[in-house]
Amino acid sequence: MTATSDRPTSSTSQTAAPAAAAGSEQLTADPTGPIPVLPDDAARLDVEAVSTALKGKWADVRDTARERAARPEMARPENMSVAEHRDRVLGQTRKLAEENVSWPMLPEHLGGPNDNGANVAAFQELVVADPSLQIKAGVQWGLFTAAIVQLGDQEQQARWVPDAMSLEVPGAFAMTEIGHGSDVQALATTATYDPQTEEWVIHTPFRAAWKEFLGNAALHAKAATVFARLITRGVDHGVHCFYVPVRDAEGELLPGVSSEDDGPKGGLNGIDNGRLAFDQVRIPRTNLLNRYGDVSPDGTYTSPIESPGRRFFTMLGTLVQGRVSLDGSANRASQLALHIAITYASQRRQFSAADPTQEVVLLDYQSHLHRLLPKLAATYAGAFAHEQLLQAFDDVFSGRGDDPEAREDLETLAAALKPVSTWLALDTVQECREACGGAGFIAENQLTGLHQDLDVYATFEGDNTVLLQLVAKRLLSDYTSELKNVDRAGIGRFIAQRAGTLAKRHTPWTRLAQDLSDRGNPRRAFDSMRQSDFQEEMLASRARIKVEEVALSMRPAAKMDPADAAAHVNKHQVEMLEAARAHADLVRWRAFTAALEDFEDEATIAVLTDVRDLFGLSVIEDDLAWFLLNGQISTQRGRQIASDQRRLLWRLRPHALDLVAAFDIRPGHVRAPIALGGEQERQDEAAAYFRAQRASTDAPVSEKLLRDREKRARRETRTS
C-alpha cells in the first residue's frame with residue numbers, strides 16, 4: 001500500500017469549513033484500497049460547531065474553566081513526593097476558593113445563582129489540570145458543602161456554608177465505612193440522642209465501622225459531615241447526616257476523634273485520604289442536618305417523609321451530584337487521552353511501504369485506526385449523553401423540575417452513565433498509552449499518570465457494579481409496573497407479543513429474509529446496518545428483551561420467603577448487570593442520534609453520522625453472539641459487521657484530527673511533548689537528514705542496493 005501520510009489528512013483549524021458537500025461521500029469506502037485523502041477543496045467537519053455542541057448549554061462556563069485548567073500553576077506535578085503533592089493541591093484549592101469557582105452552586109438565599117449545572121460543568125474541566133485537584137475540590141464543595149446545602153435547613157446553611165466555601169473550614173465527607181462500602185443503609189456508626197444535655201453522641205462501635213477513604217481526613221479536615229444511625233428514645237431511625245467538628249484551629253484532633261492516614265495510593269496522591277473514628281463524641285442537637293428528619297429537645301423524632309426507606313433514598317438522592325460530575329470528568333479525560341494518542345499517531349512514522357523514502361504514519365495503519373477510533377466514537381456518544389444528564393441534574397436541583405419521578409429518573413440515568421464512562425476512560429487511556437508505544441509510558445506524556453488517577457473513578461461515588469444493579473432494579477420495577485397497569489386484554493396482547501418475539505428469535509425465517517435481501521450485495525447490507533432505524537431496533541430490542549428475560553426469571557421470587565428470594569435474585573445478578581449495560585448503550589446511542597439533528601452543515605452531519613454508526617456497530621459487535629443466538633441479526637449481517645467497521649474507519653481517517661480538535665484540548669491541558677510538536681520536529685529533522693543524504697554524492701551505498709545493481713549488471717551482460 002502506498003504511504004499517503006505526507007499528504008494533507010485533516011485540518012486542525014478551529015474555524016468552520018465550507019459545507020459544499022458531505023466529505024465522507026467523496027471517499028472510497030473500500031477497506032482494502034489506499035488510505036482515502038480528501039481533495040484540497042473538499043468540505044470538512046465544522047470543528048467550531050462540533051466543539052460548541054460538545055460544550056453544551058454551559059459553553060461559556062466551560063471556556064472559562066478550560067482557561068483556568070490550562071494555567072501552569074494548576075498542572076499535575078511530576079516527581080513530587082506525596083507530602084509535596086498534598087501541599088500543592090491544598091494551595092491550588094485555596095486559589096479556587098479565592099476565585100469563587102463553586103459559587104454557582106449556592107442557592108439564592110446564600111447569595112448564589114442556584115446554577116448547579118454551571119458548577120458541575122466547570123468542576124469537570126479540572127480533570128485535565130490535575131485529577132487530585134479536581135477530587136479535592138469535589139470533596140470540599142461537591143460533597144462536604146453540598147451535604148450541608150442539600151440536607152440542612154437555612155439556618156444551618158448560613159452557619160456553616162460560608163466557611164466551607166472560603167476553605168476556612170476544610171471538610172470531609174464521612175459516609176463510607178471500611179466494613180460496608182457501598183452498603184450505606186447498613187452503616188454501623190451511631191448517633192444516639194441524649195435529652196439530658198440535648199446532644200448527639202457519635203460513636204464508632206468496632207473497627208469495621210471506621211469511616212474510610214475520606215478525602216481531607218488524614219490532615220486537613222476541620223469538620224466532617226458524618227453519616228450515622230440516628231437513635232432516639234430507643235428507636236433506630238436509620239442513617240442521617242451530622243455536622244461534626246474533628247480538628248481545632250491549629251489542626252489538632254478534637255477529644256474522642258481518631259484519624260489515620262491512608263498513605264500513598266495507586267493514584268490521586270495529592271489528596272490526604274484517611275480514616276476517622278469517634279469515641280463518644282458529643283455535638284449539639286442542632287448539628288443534625290435536618291431537612292428530612294429532626295429531633296426536638298425532648299427526643300421526639302419527626303420527618304416530612306413517613307417511609308424510612310423512601311426517606312433514606314431521598315437523602316442519598318440529593319448527593320447524586322458526585323456521579324454526574326464523574327461521568328463528565330471521565331469523558332473529558334478520555335478526550336485528553338485521545339487527543340494525545342491521535343495527534344502522536346498522525347506524526348509518528350514507522351516502517352516503510354511502497355514508498356522507499358517515506359515511512360508510514362501510525363494512523364495510516366488499519367490496526368491503529370481500529371484501536372483508537374471506536375473509542376473516539378464512544379467518547380462522542382458519552383459526551384452527548386452527559387449533556388442530557390447534566391441538564392436533567394440542573395432541572396432537578398434548581399427546583400424547576402424537581403418531583404419524585406424526575407429525581408428517580410435522574411438517579412437512574414446517573415447510575416447508568418457513570419459506570420460506562422469511567423470504564424471507557426480507563427480502557428481508552430490504556431489503549432492510548434499502548435498506541436503511543438514507549439513514549440506513552442514516559443510520565444511526562446501524561447497517560448500513565450492519568451490512568452493511575454482515574455483508576456478509583458470506577459469504585460468511588462458508587463461502585464460501578466453496584467450502580468448497574470440499581471439501574472437493573474429500576475428497569476425491572478418499571479417493567480413490572482407496566483404489566484400491573486394493563487387489564488386482562490392488555491395482558492393477552494402482551495402474551496401474544498411475547499409469543500411473536502419468541503418465534504422471531506427461535507425460528508430461522510427472519511434471519512433467512514435478511515440473508516436473502518443481503519446475499520451477494522455487501523453494499524446493501526452496509527447501507528441497511530448504517531440506517532438509524534436498524535441500529536435503534538437492534539439496541540432497543542436488546543435492552544428490552546434482556547430486562548424482560550430477567551423479569552420473567554424473577555417471578556418465582558415473589559412467592560418465596562426472604563432468604564430464598566434473595567438467593568434466587570443472586571442467581572440472576574449477571575443477567576441484571578447485562579440488562580443495565582444494554583440500557584446504558586441505548587441511552588448513549590439515542591443521545592448521539594438526537595445531537596445529530598442540531599447540526600445544519602452537510603459535511604459535519606455526514607462525518608458525525610459515520611462516527612455514530614461506528615459506535616452503534618461496535619456496540620452490536622461487542623454483543624454479537626447474543627444478537628445471533630437470539631435471532632436479531634442474520635448470519636450474513638453478522639459477518640458483515642467487521643468489514644462495515646473497517647469501511648467506516650477508512651472513511652473517518654481523514655477526519656481524525658478534526659474530530660479530536662473539536663474536543664478543545666488546549667496546550668496547557670496536553671502538557672505531553674509527543675502531542676505538542678516534539679514528535680513532528682523529530683520527524684522533520686529525520687526527513688531533512690535523509691533528503692540531504694540522498695542528494696549527496698558521497699553518501700554510503702546500501703549493501704542491498706549494491707547487490708541489486710550487481711545482479712542487474714550480470715543480467716545485462718548475459719543478455720548482451
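Residues numbered from 1 in each chain as written. Predicted model: local features only at pLDDT ≥ 70, side-chain atom pairs only at ≥ 80, totals over all residues. Heavy atoms only, no water.

**Focus: the overall build of the protein**
Move 1: The helix and strand tally for the protein stands at 26 helices and 13 strands.
Move 2: The proportion of buried residues among the 720 residues of the protein is 55%.
Move 3: Counted over contacts in the protein with a minimum sequence separation of 6, partners at least 24 positions apart contribute 76%.
Move 4: Summed over its atoms, the accessible surface of the protein is roughly 30,800 Å², and 52% of this surface lies on carbon and sulfur atoms. (Helix = DSSP H or I, 4+ residues; strand = E, 2+ residues; numbered from the N terminus. Buried < 20%, exposed > 50% of the residue type's maximum accessible area, 1.4 Å probe, protein only. Contact = heavy atoms within 4.5 Å. Areas by Shrake-Rupley, 256 points an atom, 1.4 Å probe, with all protein chains shown as cover.)

**Points about the packing of helix α18 (residues 562–571) against helix α19 (residues 573–596)**
Move 1: Their axes nearest at 4 Å, the elements α18 and α19 cross at an angle of 55°. One element, α18, and the other, α19, form an angle in the oblique class. Across the interface between the two elements, Val569, Asn570 and Lys571 from α18 touch Gln573, Glu575 and Met576 from α19.
Move 2: Here the residues of the contact of α18 with α19 sort into two nonpolar, two polar and two charged. (Axes fitted to C-alpha atoms, helices over the stretch in contact; angles between N-to-C directions. Parallel < 35°, antiparallel > 145°, perpendicular 65-115°, else oblique. Nonpolar A, V, L, I, M, F, W, Y, C, P; charged D, E, K, R; others polar.)

**Points about the pairing of strand β8 (residues 274–278)**
Move 1: Counting buried positions along β8 gives four out of five residues, so the element sits mostly inside the fold.
Move 2: Of the strand pairs in this sheet, strand β4 (residues 211–214) and β8 are connected by two bridges, and their pairing is antiparallel. Looking at the pairing, Leu214 lines up with Gly274 of β8.
Move 3: Bridge count for strand β7 (residues 257–261) against β8 is five bridges, and the pairing is antiparallel. Paired with Ser258 across the bridge in β8 is Ala277. (Pairing = 2+ DSSP bridges.)

**Points about the nonpolar core**
Move 1: Counting 169 residues, the largest nonpolar core has Ile342 and Tyr380 as its most contacted members.
Move 2: With 24 residues, the next largest nonpolar core counts Ala191, Val226, Leu276 and Phe278 among its residues. (Core = buried A, V, L, I, M, F, W, Y, C linked by side-chain atoms within 4.5 Å.)

**Structural notes on the packing of aromatic side chains**
Move 1: The final tally for this structure, using the stated rule, is 14 aromatic pairs.
Move 2: Ring centres of Phe393 and Phe397 lie 4.5 Å apart, and the angle between their planes is 35°; on these two criteria the pair is classed as tilted. Linking Phe393 with Phe397, this pair stays in helix α9 (residues 366–398), spanning four residues, or about one helical turn.
Move 3: For Phe397, a relative accessible area of 8% translates into the label buried.
Move 4: Between the aromatic rings of Tyr457 and Phe460, the centroid separation amounts to 5.4 Å while the plane-to-plane angle is 40°, which identifies the pairing as tilted.
Move 5: Using a relative accessible area of 1% as the deciding quantity, one classes Tyr457 as buried.
Move 6: Exposure remark for Phe460: the relative accessible area of 22% places this residue in the partly exposed category. (Phe/Tyr/Trp six-rings, centres within 6.5 Å; stacked < 30°, edge-to-face > 60°.)

**Digging into the packing of α9 against helix α20 (residues 602–622)**
Move 1: Across the interface, α9 lies against α20 with an axial gap of 8 Å and an inter-helix angle of 105°. Viewed along their axes, α9 and α20 adopt a mutual orientation that is roughly perpendicular. Taking contact as the criterion, the partners of Leu373, Pro374, Ala377, Ala378, Tyr380 and Ala381 in α9 are, on α20, Leu608, Val611, Leu614, Phe615 and Ser618.
Move 2: Partitioning the contact of α9 with α20 into residue classes produces ten nonpolar, one polar and no charged.

**Things to note about unusual backbone geometry**
Move 1: Positive phi outside glycine occurs at Glu198, with the angle close to 55°.
Move 2: Locating Glu198 in the fold gives a position in the loop between β2 (190–194) and β3 (199–203).
Move 3: In this structure Glu198 comes out as partly exposed when scored by relative accessible area, which is 36%.
Move 4: Unlike most non-glycine residues, Asn216 shows phi in positive territory, near 80°.
Move 5: Checked against the element boundaries, Asn216 lands in the loop between β4 and β5 (223–232).

**Focus on the environment of Ile665**
Move 1: Topologically, Ile665 is positioned in the loop between α23 (656–661) and α24 (667–670).
Move 2: Under the relative-accessibility criterion, Ile665 is labelled buried at 9%.
Move 3: Setting aside chain neighbours within four positions, we find Ile665 in contact with Arg332, Gln335, Leu336, His339 and Val670.

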